[in-house]
Each structure stands twice: as C-alpha cells, then as structure tokens.
Amino acid sequence: MRPTLAMLALLALPAHAETARIMAYSDGPFQENYTAAVLAPFTKAGPHTAEFYGAGSSAVMLGQLRTQRTDPQVDVVIMDTTTAAIACAEGLIEKLTPAMVPAMAQLDPQAQDPAGCGPAVTFDHLVIVYDTQAVQPAPTSLSVLQDPRWRGRVGLSAPPNIQALALTAIMAQADGNDWRKPDGAFRTLRAIAPSVQTFDPQPDGYTLILNNTLTFATGWNARAQLFRDRSQGRIGVMLPTEGTVRQLNMINLVAGAKNRTAALAFMQHALSAGPQAAFTEAMFYGATNATAQISPAAAARSGAEARASVIPVDWAEMVRLRDNWTQRWRREVIAAGTR
C-alpha cells in the first residue's frame, strides 16, 4: 500500500513526540486567540504538538481535575489564581522550578506562585463595561452603579466568580484604605444591589450589553478591549477612580500528566517572550514575561495605564478570606437585590 501524506507526516515525527492537552477557557475569544497565538506555533515548531481542551470556567476545571485525579485526561491547565491555589493545596497540580521551566526566571516577580506551583501566564485587571450609547459622558467612578436611573440595568458577577472578590477588595480599599476589611464594601454593595438585574450574567456582561439587556457589568479588561473593538466602540471600558485589582491566570502541570515531556515543553513555550507578546497583541492580556516586546498601543490597552491604580491584593490571603466573603455576598448582597 502506498503511504499517504498523513502517514508520512506521522513517520517523520520523532519516536518520543507527544501531544500536550491544554485545558483552558472554552469561551470563543480566549480559545480562538490562544490557539492561534500560542498553540499553533508550538505545534508547527515541533517535535511535540498541543491540543486545546475547553472548559467553561476555573471552577469546572477544578472539578474535572478532582474527578480525573487517578486518570488525568489533560496535561496542562490554565485557571484563575484562587482556583489554582486550591488545586495546588490538594495536590492536583505539581510544584515547578526554573530548572523544569527555564522561562520562569524571566517572569515578573508578581507572576510567581507563593506556594511553588505554576506561575501566571497572563495578567489582567477588573473593569466596568458599559453601553456607550446609553451612558454619556463616560463614567469614571463605581458610584455610577448606585444611580437610580440604572435600576435593573446592572450585572454583577457574584462568587464563586473572582470578579466579585476583586470588586469587594476595590470598594474596601476605597472605604477604609484596607482591602482586607470589607464592611464598608458590603455597605456599598447592598446599596447597589437593588439596581442589579443579575448576579450571574449569562453568557457574559459584554453580550448582555450588546443585546440591550444590561447597561453596566463587571468585566476583565482583556475581553472588554476585544468586545470594544468588535462592537465598534459600543462597549465602553471604565477603569474606576477607586482603583482596580490585578487578576492572574496560572499555568500548571497536572499531577500525573501522561504527556509530561510535551507538557513541560509547552509551558516553556507559553511563558517565553515571543508567545507572550503574540497573545498580548492578539487579545490584550498583560504579558508576565518581563522581556516580552509589546507594542506601545497593545501595552496601553493591556494594563500599562492601570498599573498606578492596582490595589496590592495578596491572592494567597484572599483565598483564606474567600469563604467568608462568599457567604456575606449571599446573605447581604444577593438577598438585598431580590427583595
């Protein structure tokens, strides 16, 4: 039988070549841009390949890691920092060193995981998105969410979404100059609650604004910038005068990964300067590799202008506060919005 081109391609691969399975956010923009900017070049360079394994949220990823503990179906996972901390504590992901992934030595110190698990592969920060057709002039402060004109037109993502934790920290810092003491924040959130139409925007706040369901919503800057472009400016992006919180997406090696060699090779690739710059240019996530060369325009939109406004939240400490804050959101904020 004459060999096909596909068969010849397989024969050309080194015997040790593996396919790394990468679990990350399955929403369209992230999957599509991360595949094009990071996975495809890794596969093209060889000898290993990478496949995207989509999951709807970090909480879903954590559930899958727990279910697959004895038989992992993925090799690398990208999830938010608070969920990654839980996975690290439960031994679902491995500790890493620069000897295993040399690019870790090039990362911004804030990208390193204090527990020794995988580092941040992207930076992002909280913003408020709004309908520029309905809101003029452009808002600057979180106080706009209390304006009675917008009653029933606000979407807040409640816990376990970490947008809620970030928003609480910003309000706490603004009230008492200490993000760890949230009483003032919860007073503000209770005042906003009657204007909230949903505490679980589905599919997301950006889309709900575009289909005229909401006027304001919490969001992350990278996606907000992308939706601003795709909507030709209808989505507005507000960096609150009260400040913002930096969010980290961590990249980790799954414990017991079946394709460990390819997984570590992919992590080295994903944390290297070139792929970091490519993804920032494509989708405005902040690069964690300090040597990545980013264009001034992309740097501005990915968070350079927000640095002075970032509240220094310790995410390891936030993990310890998370359960209490989540309960207070349910008792005080969501309940106030449903009366």
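The rules behind each value
- Within each chain, residue numbers correspond to sequence positions counted from 1 in written order.
- Reporting in this predicted model follows two pLDDT cut-offs: at least 70 for local features of residues, and 80 or more for side-chain atom pairs to be given and counted; totals over whole chains, interfaces and linings ignore these cut-offs and use all residues.
- Each side-chain value is worked out from all heavy atoms of the structure, with water and hydrogens disregarded.
- Each helix corresponds to a stretch of at least 4 residues labelled H or I by DSSP, and each strand to a stretch of at least 2 residues labelled E; elements are numbered beginning at the N terminus.
- Only C-alpha atoms enter the radius of gyration; for comparison, a globular chain is expected to reach 2.2 Å times N to the power 0.38, where N is the number of residues.
- Exposure is judged per residue with a 1.4 Å probe applied to protein chains only, and the accessible area is read against the type maximum: over 50% gives exposed, under 20% gives buried, and values in between give partly exposed.
- Any pair of residues with heavy atoms lying within 4.5 Å of one another is described as a contacting pair.
- Areas reported as accessible are Shrake-Rupley estimates using a 1.4 Å probe. Residue values count occlusion only from the protein chains shown.
- Two residue types count as positive, namely Lys and Arg, and two as negative, namely Asp and Glu; His and chain ends fall outside the count.
- To locate a charge, take NZ of a lysine, CZ of an arginine, CG of an aspartate or CD of a glutamate.
- In this description, a disulfide is simply a cysteine sulfur pair whose atoms lie within 2.5 Å.
- Note on terminology: a nonpolar core comprises buried Ala, Val, Leu, Ile, Met, Phe, Trp, Tyr and Cys residues joined through side-chain atoms within 4.5 Å.
- Each pair of strands is called paired provided DSSP finds at least two bridges between the two strands.

Peer 1: What should I look at first to understand the overall build of the protein in this one?
Peer 2: Of the regular secondary structure elements, the protein holds twelve helices and eleven strands. Here the C-alpha atoms of the protein give a radius of gyration of 21 Å, agreeing with the 20 Å that 2.2 N^0.38 yields for 339 residues. Counting all 339 residues of the protein, 53% fall into the buried class. Counting contacts in the protein only where the partners sit at least 6 residues apart, residues at least 24 apart contribute 75% of the total. On the protein, roughly 14,600 Å² of surface is accessible, and the fraction owed to carbon and sulfur atoms is 53%. Side-chain charges in the protein split into 28 positive and 27 negative, and the spacing between the mean points of these groups amounts to 3 Å.

Peer 1: Please clarify how the state of the cysteines should be interpreted in this entry.
Peer 2: Applying the stated criterion across every chain, the model contains one disulfide. Here Cys 88 is linked by a disulfide to Cys 117, with a sulfur-sulfur distance of 2.1 Å. Because the torsion about its S-S bond is 80°, the bridge between Cys 88 and Cys 117 counts as right-handed. With Cys 88 in helix 4 (residues 81-89) and Cys 117 in the loop between helix 4 and strand 4 (120-131), the pair connects residues that are 29 residues apart, well separated along the chain. The pair Cys 88 / Cys 117 is uniform in exposure class, with both members buried.

Peer 1: Looking at this structure, I do not really get the environment of Phe 279. What am I missing?
Peer 2: Relative to the elements of secondary structure, Phe 279 occurs in helix 10 (residues 273-283). What makes Phe 279 buried here is its relative accessible area of 3%. Between the alpha carbons of Phe 279 and Asp 124 there is a distance of 12 Å; along the sequence they are 155 residues apart. Residues contacting Phe 279, with those up to four places away along its chain left out, are Phe 30, Asn 33, Tyr 34, Ala 37, Val 38, Thr 122, Phe 284 and Tyr 285.

Peer 1: Would you mind showing me how to read the nonpolar core here?
Peer 2: Judged by nonpolar contacts, the single largest core of 105 residues is most densely connected at Tyr 34, Leu 65 and Phe 266. Among the elements that line this core, the one with the most residues is helix 5 (residues 162-176), at nine residues. Not counting chain neighbours up to four residues away, the residues in contact with Leu 65 comprise Met 23, Val 74, Val 77, Met 79, Ala 87, Leu 92, Ile 93 and Val 254.

Peer 1: Honestly, the pairing of strand 3 (residues 76-80) in this entry has me stumped. Any pointers?
Peer 2: Side chains on a regular strand alternate between the two faces of the sheet. Judged by how many residues are buried, strand 3 sits mostly within the fold: five of five residues are covered. Taken together, the two bridges between strand 1 (residues 19-25) and strand 3 define a ladder with parallel strand orientation. When the bridges of strand 3 are listed, Met 23 appears paired with Val 77. In the sheet, strand 3 pairs with strand 9 (residues 244-253) via five bridges, with the strands oriented antiparallel. Within strand 9, the residue paired with Asp 80 across the bridge is Asn 249.

Peer 1: Would you mind showing me how to read the environment of Ala 299 here?
Peer 2: Position of Ala 299 relative to the elements: it lies in helix 11 (residues 296-302). Once the C-alpha coordinates of Ala 299 and Ala 316 are considered, the two residues, 17 residues apart in sequence, prove to be 27 Å apart. Not counting chain neighbours up to four residues away, the residues in contact with Ala 299 comprise Ile 294 and Ala 304.

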